[in-house]
Amino acid sequence: MQTTSLNAEAEPMMEINTTPLIDVLLVLIIMLIITIPPQTHAVKLDLPQNSETPPPPVEPTKNKLVITQTGAILWNGTPVTLQQLRTYLDVSQQMNPVPELHLQPDANARYVVVDQVLAVTKQAHVTKMGFVGNEAYMTAF
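Report on the accompanying structure. (Residues numbered from 1 in each chain as written. Predicted model: local features only at pLDDT ≥ 70, side-chain atom pairs only at ≥ 80, totals over all residues. Heavy atoms only, no water.)

### Brief notes about the pattern of salt bridges
If the charged atoms of two oppositely charged side chains come close together, the side chains can form a pair. The cut-off we apply is this: We define a salt bridge as a side-chain nitrogen of Lys or Arg found within 4 Å of a carboxyl oxygen belonging to Asp or Glu. The numbering of helices and of strands both runs from the N terminus, where a helix is a DSSP run of H or I of at least 4 residues and a strand a run of E of at least 2.
For the coordinates displayed, the defined rule picks out 1 salt bridge. Its salt-bridge partner being Asp90, residue Arg86 comes within 3.1 Å of it at the nearest N-O pair. Of the two residues, Arg86 and Asp90 both sit in helix 2 (residues 82–93), 4 residues apart, roughly one turn of that helix.

### Considerations on the pairing of strand 1 (residues 62–67)
Filter applied, for reference: Type-normalised accessible area, obtained with a 1.4 Å probe on protein chains alone, sets the label of each residue: buried when under 20%, exposed when over 50%, and partly exposed for intermediate values. When DSSP finds two or more bridges between a pair of strands, those strands are recorded as paired.
Side-chain alternation along strand 1 places Asn63, Leu65 and Ile67 on a buried face and Lys62, Lys64 and Val66 on a face that remains uncovered. Two strands pair when backbone bridges link them, and strand 1 and strand 4 (residues 100–105) are joined in this way by 6 bridges, in the parallel orientation. By the bridge assignment, Ile67 is partnered in strand 4 with Pro105. Inspection of the sheet shows strand 1 paired to strand 2 (residues 73–75) by 3 bridges, in the antiparallel sense. From the neighbouring strand, Val66 faces strand 2, where its bridge partner is Leu74. The antiparallel hairpin formed by strand 1 and strand 2 contains 5 residues in its connecting segment, where Gly71 sits at a positive phi of about 100°.

### Things to note about the packing of aromatic side chains
Note the cut-off: Aromatic contacts are taken between Phe, Tyr and Trp rings whose centres are within 6.5 Å, Trp giving its six-membered ring; a plane angle under 30 degrees counts as stacked, one over 60 as edge-to-face, and the others as tilted.
Per the stated rule, a full pass over the model turns up 1 aromatic pair. On the basis of an interplanar angle of 35° and a centroid distance of 5.5 Å, the ring pair of Trp75 and Tyr88 is categorised as tilted. Taken as a pair, Trp75 in strand 2 and Tyr88 in helix 2 lie far apart in primary sequence, 13 residues in all. The partly exposed category is assigned to Tyr88, whose relative accessible area is 36%.

### Description of the sheet that holds strand 4
To be explicit about the condition: Here an angle of 0 to 180 degrees is reported between the N-to-C directions of two axes, which are lines fitted to C-alpha atoms, with helices fitted over the stretch in contact.
The strand order across the open sheet formed by 5 strands is 3-2-1-4-5, and the pairing between neighbours is mixed. Edge positions in the sheet fall to strand 3 (78–80) and strand 5 (129–131), since each has one partner strand and no second. Sheet twist, expressed as the average angle between the axes of neighbouring strands with direction ignored, equals 30°. Pairing of strand 2 with strand 3 involves 3 bridges; the strand directions are antiparallel. Residue pairing for strand 3: Ile73 is matched across the bridge by Val80.

### Some words on the packing of helix 2 against helix 3 (residues 111–123)
Selection rule: By the definition used in this description, the sense in which the near helix is turned from the far one sets the handedness, with an anticlockwise turn below a right angle giving left-handed and a clockwise turn giving right-handed. Only heavy atoms matter for contacts: two residues are in contact if any of them lie within 4.5 Å across the pair. Polarity classes work like this: nonpolar for Ala, Val, Leu, Ile, Met, Phe, Trp, Tyr, Cys and Pro, charged for Asp, Glu, Lys and Arg, and polar for all others, with Gly in that last group.
Between helix 2 and helix 3, whose axes approach to 9 Å, the crossing angle comes to 35°. The hand of the helix 2/helix 3 crossing is right-handed. Taking contact as the criterion, the partners of Leu82, Leu85, Arg86 and Leu89 in helix 2 are, on helix 3, Gln116, Val117, Val120, Thr121 and Gln123. Split into classes, the residues belonging to the contact of helix 2 with helix 3 amount to 5 nonpolar, 3 polar and 1 charged.

Next up, the structure:
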């Protein structure tokens with residue numbers, strides 16, 4: 001048994017060496033952290049439900065929204081501002097049936113402009129929207 005150097009009677013040490021215990025606990029904590037699966041982030045989507053009745057044959061009008069490389073926003077070929085775009089979207093959401101919005105950003109358009117347009121469409125509560133021309137991005141990078 002180990003004795004202290006100040007101990008004249010050669011009595012055993014009354015303290016436990018906790019360093020190995022702490023080392024083992026740290027290893028176990030690290031193993032626990034590594035083995036815990038990471039939380040997966042889920043995106044909630046409202047998927048269409050399969051119904052027995054076919055959809056009505058009415059072809060709603062389509063509005064094409066293009067964002068050019070220079071940052072210009074075109075509504076059916078006409079340049080518009082973000083305020084005008086919001087007005088057009090509000091009017092189109094009141095129509096029956098609601099027209100589809102086809103968003104076609106240029107492959108080299110700035111993301112800031114696309115993000116602003118997406119924010120305006122979200123504020124206008126656009127329900128029917130799709131991205132057009134995604135094949136242009138295959139060769140962009």
